[in-house]
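# Survey of secondary and tertiary structure
Here is how the chains run, residue by residue.
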Amino acid sequence: MAFEYPEDLKYLDSHEYVRLEGENATIGISAFAIDQLGDIVFLELPAVGDAITKGESFGTVESVKAVEDLNSPITGTVTECNDAMVDSPENLADEPYGKGWLIKVKVENPSDIDDAMSASEYSSKVEGG
């Protein structure tokens, strides 16, 4: 099954994505990761105002198969959490790159994402294409 990987996003090995707009970043998890997890039953996210650090966990996503850490692609301060996804995590699969975002962050250093993968690099990695 081919998944969508929007070109305006950067991706991590651990399947998080980041969309950077100026000093604001939107972070979520890829359609591939959601598919691999299966039915998502629980989502734990940080609170607004929490500091997150590049490379460290900022929450967890739990499915019927596994519990996975959510790893931050950037360092910054959480400005918004997607409470709709926390309340109904099963909806993440519907629009992972739209309504299914997880947190929004005020970024300390936009170059944090310089080592993240492009859509084509990520697609090649996860789909072996």
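Up top is the structure these notes are about.
Notes on the structure follow. From a predicted model like this one, the values you see are computed outputs, not experimental measurements. (Residues numbered from 1 in each chain as written. Predicted model: local features only at pLDDT ≥ 70, side-chain atom pairs only at ≥ 80, totals over all residues. Heavy atoms only, no water.)

### Section: the pattern of salt bridges
Applying the stated rule across the entire model yields five salt bridges. Asp 115 is the salt-bridge partner of Lys 54, the closest N and O atoms lying 2.9 Å from each other. Here the residue Lys 54 occupies a position in the loop between strand 5 (51-52) and strand 6 (57-63), and Asp 115 occupies one in the loop between strand 9 (103-107) and helix 3 (119-127), the gap between them amounting to 61 residues. Note that Lys 99 is salt-bridged to Glu 95, the shortest N-O span being 3.8 Å. (Salt bridge = Lys/Arg side-chain N within 4 Å of Asp/Glu carboxyl O. Helix = DSSP H or I, 4+ residues; strand = E, 2+ residues; numbered from the N terminus.)

### Thoughts on the nonpolar core
Core analysis: the biggest nonpolar cluster contains 25 residues, and Ile 27, Ile 29, Leu 43, Leu 70, Leu 92 and Ile 103 have the highest contact counts within it. When residues of this core are traced back to their parent elements, those giving at least two are strand 3 (24-29), helix 1 (31-37), strand 4 (40-44), strand 6, strand 8 (76-81) and strand 9. Among all residues touching Leu 92, those that are not within four sequence positions of it are Ile 29, Ile 34, Ile 40, Leu 43, Met 85, Gly 100 and Leu 102. Core analysis: the second largest hydrophobic core is formed by 13 residues, Leu 9, Tyr 17, Tyr 97 and Tyr 122 among them. (Core = buried A, V, L, I, M, F, W, Y, C linked by side-chain atoms within 4.5 Å. Buried < 20%, exposed > 50% of the residue type's maximum accessible area, 1.4 Å probe, protein only. Contact = heavy atoms within 4.5 Å.)

### Things to note about a nonpolar patch on the surface
A contiguous nonpolar surface patch, about 280 Å² in accessible area, is contributed by Val 41, Phe 42 and Val 64. Within the fold, Val 64 resides in the loop between strand 6 and strand 7 (67-71). The class of Val 64 is exposed, set by a relative accessible area of 61%. (Patch = residues over 30% accessible without salt bridge, like charges linked within 9 Å, V, L, I, M, F, W, Y side chains within 5 Å. Areas by Shrake-Rupley, 256 points an atom, 1.4 Å probe, with all protein chains shown as cover.)

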